[in-house]
Amino acid sequence: MKTCVVTCTGARWGMFALCKRWVERQTKKPDCWIVSTDTGEPLPPDVEATHVAIPACPKAIGRLPTGRAMWALHQALEKVPHNHSVVVMEDDDWYSERHVEEAVAQLASHPVIQIDRPWRHFLPVNRFSRGPSASPNFTHKFVPGIASFRWEMIETVRESLLDGAATSIPISFYESDTVVSIKGVGHGLEGRAGATSRHIPNHPKTLRGLIDKDHSEFRARIGAIDAQAYLDLLL
C-alpha cells in the first residue's frame, strides 16, 4: 500500500522541525509527503515534500469552530497522488517511529481509521489527560491528526471537512500509543495558536488534566530526548 503523509502548517516552524523529524524516522517510509502552508511562506530548503499554498479560507467556512484548519486539509488532500492512502501527521503532535506502519496495518481492514483515547499533554501548565477523541460510531467527530484513510475515501473526507463537524465519515477506532497530542501552542509553547481556544491555560478542559510535575510523565511517555525537544520550545 502506497502512503502519503499530509501535514498542514504555517508560522510554526519550531514545531514543524520536530514533525519533520518524526516523518523521516518512520519504519515504513511514506512514498510522498505533502506539506501545506496558509501564510504564503515557502518550505525550509531541507524539506523534501510537495508544497501546497493554501488559498484564502472562504468566510463561511472560516466562521466554523475549526474551519480554517479543515479548509487547509481539504485543499492539501486534493494533491494526494493516485492510489496513495493518507496518513495525517500534524505539525504540533508527537508521532512514534511506528505510526505509519501501524496505520497501514489498520487500513488493510478498514477504510478510515482513528486512534481512540489518545494521550494529551498540556505542556505550558504541566498537565495531561487521556480520553476518547470521539464516540466510536459513524456520527462523531473526525480528528485529522490521529486519522488515516484509504485513497478511495479522500473525496468523502474532503466533502465532510467542510460541513463543520465531519460527521459523515465512517470511522473505525483503534487503540494505539503512536500519537501524543501536544497542547499549548500559542499559549506558552512556541508557534501560532491552533484551531480552537479549548487548550488555553485556564480552560476547564485543560484544568481537568492531571498534574505532571516536572514533566516526568511526559518524558516517560515519549522518551527523554523527544520530550526535551518540545520542552525547549516552551516560552
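Everything below is about the structure shown above.
As a starting point, this report considers the structure included with it. (Residues numbered from 1 in each chain as written. Predicted model: local features only at pLDDT ≥ 70, side-chain atom pairs only at ≥ 80, totals over all residues. Heavy atoms only, no water.)

### What about the overall build of the chain?
What counts is decided by this rule: A run of DSSP states H or I qualifies as a helix once it reaches four residues; a run of E qualifies as a strand once it reaches two. Both are numbered from the N-terminal end. Two things to know: the radius of gyration comes from C-alpha atoms, and the globule rule equals 2.2 Å times the number of residues to the power 0.38. Each residue gets one of three labels from its accessible area relative to the maximum for its type: buried under 20%, exposed over 50%, partly exposed in between, using a 1.4 Å probe on protein chains only. Contacts were defined at the residue level, with two residues in contact if any of their heavy atoms lie within 4.5 Å.
Looking only at helices and strands, the chain has eight helices and 12 strands in total. For the chain, the C-alpha radius of gyration of 17 Å lies close to 18 Å, the compact-globule estimate for 235 residues. By residue count, 48% of the 235 residues in the chain fall in the buried class. Taking as baseline every contact in the chain between residues at least 6 positions apart, the subset at least 24 positions apart corresponds to 72%.

### Side note on the nonpolar core
Rules: Nonpolar cores were defined as sets of buried Ala, Val, Leu, Ile, Met, Phe, Trp, Tyr and Cys residues, with membership established by side-chain atoms within 4.5 Å.
If you look at the biggest cluster of nonpolar residues, it comprises 36 residues, and the most contacted ones within it are Trp33, Met89, Ile182, Phe218 and Tyr230. Of all the elements in the fold, those that place two or more residues in this core are helix H1 (13-24), strand E2 (32-37), strand E5 (94-95), helix H4 (99-107), strand E6 (112-116), strand E11 (179-183), helix H7 (216-222) and helix H8 (224-231). Examining the composition of this core, we find that six residues originate from one element, H1, more than from any other. When near neighbours in sequence (up to four residues on either side) are disregarded, Tyr230 contacts Met15, Leu18, Trp22, Asp92, Asp93, Trp94, Leu123, Ile182, Leu189, Phe218 and Ile222. If you look at the next biggest cluster of nonpolar residues, it comprises 27 residues, including Phe142, Met153, Ile154 and Ile171.

### Observations regarding the packing of aromatic side chains
How two aromatic rings sit relative to each other is given by the distance of their centres and the angle of their planes. Heads up, the rule is: Ring pairs shown here join Phe, Tyr and Trp side chains whose ring centres sit within 6.5 Å, with only the six-membered ring taken for Trp; geometry is labelled stacked below 30 degrees between planes, edge-to-face above 60, and tilted in between. When the NZ atom of lysine or the CZ atom of arginine is within 6 Å of a ring's centre and also within 35 degrees of its normal, the charge is said to sit over that ring.
Applying the stated criterion to the full structure yields six aromatic pairs. The interplanar angle of 40 degrees and the centroid separation of 6.1 Å between the aromatic rings of Trp119 and Phe128 together place this pair among those described as tilted. Of the residues examined, Trp119 reaches a relative accessible area of 21% and is grouped as partly exposed. Among the aromatic residues, those joined into a cluster by ring pairs are Trp13, Phe16 and Trp33. Residue placement shows Arg221 over the ring face of Trp119; its charged tip is 3.5 Å from the ring centre.

### Description of the pairing of strand E4 (residues 84-88)
As a reminder, the rule being used: In this analysis, strands are considered paired if DSSP registers two or more bridges between them.
With five of its five residues buried, E4 lies for the most part within the structure. Side chains of E4 alternate between two faces, with His84, Val86 and Val88 and Ser85 and Val87 buried alike. Summarising the sheet, strand E1 (residues 2-9) and E4 pair through five bridges and their orientation is parallel. Considered in E4, the bridge of Cys4 is made with Val86. Bridge count between E4 and strand E9 (residues 147-149): two bridges; the pairing is antiparallel. Along E9, the bridge assignment pairs Val87 with Ser148.

### Structural notes on the sheet that holds E4
Rule in force here: Whenever a helix is involved, its axis is fitted only over the stretch in contact; in every case the axis is a line through C-alpha atoms, and angles between N-to-C directions fall within 0 to 180 degrees.
Judged by pairing direction, the sheet is mixed, and its seven strands sit side by side in the order E3-E2-E1-E4-E9-E6-E10 without closing on themselves. Of all the strands in the sheet, the pair left with one neighbour each is strand E3 (50-53) and strand E10 (172-175). Neighbour-to-neighbour, the strand axes of the sheet open up by a mean angle of 25 degrees, direction not taken into account. Across six bridges, E1 lies against E2 in parallel orientation. Paired with Thr9 across the two strands is Thr37, which belongs to E2. The strands that H1 touches are E1 and E2; relative to E2, the one it contacts most, it runs at about 170 degrees.

### As for H1
We count it as follows: Under the convention used throughout, the expected extent of a helix is 1.5 Å for every residue step, that is, one less than its residue count.
With 12 residues, H1 extends 16 Å between its outermost C-alpha atoms, agreeing within 8% with the 16 Å of an ideal straight helix rising 1.5 Å per residue. Along H1, the positions that sit buried rather than exposed are Met15, Phe16, Leu18, Cys19, Lys20, Trp22 and Val23. The secondary structure elements touched by the buried residues of H1 are E1, E2, E5, E11 and H8.

### Quick look at the sheet that holds E11
One open sheet accounts for five strands, arranged E5-E11-E7-E8-E12; its pairing is mixed. With one partner strand each, in any of the chains shown, E5 and strand E12 (210-211) form the two edges of the open sheet. Examined bridge by bridge, strand E7 (residues 119-122) and strand E8 (residues 127-130) share four bridges and lie antiparallel to one another. Looking at E8, one finds that His121 is bridged to Phe128.

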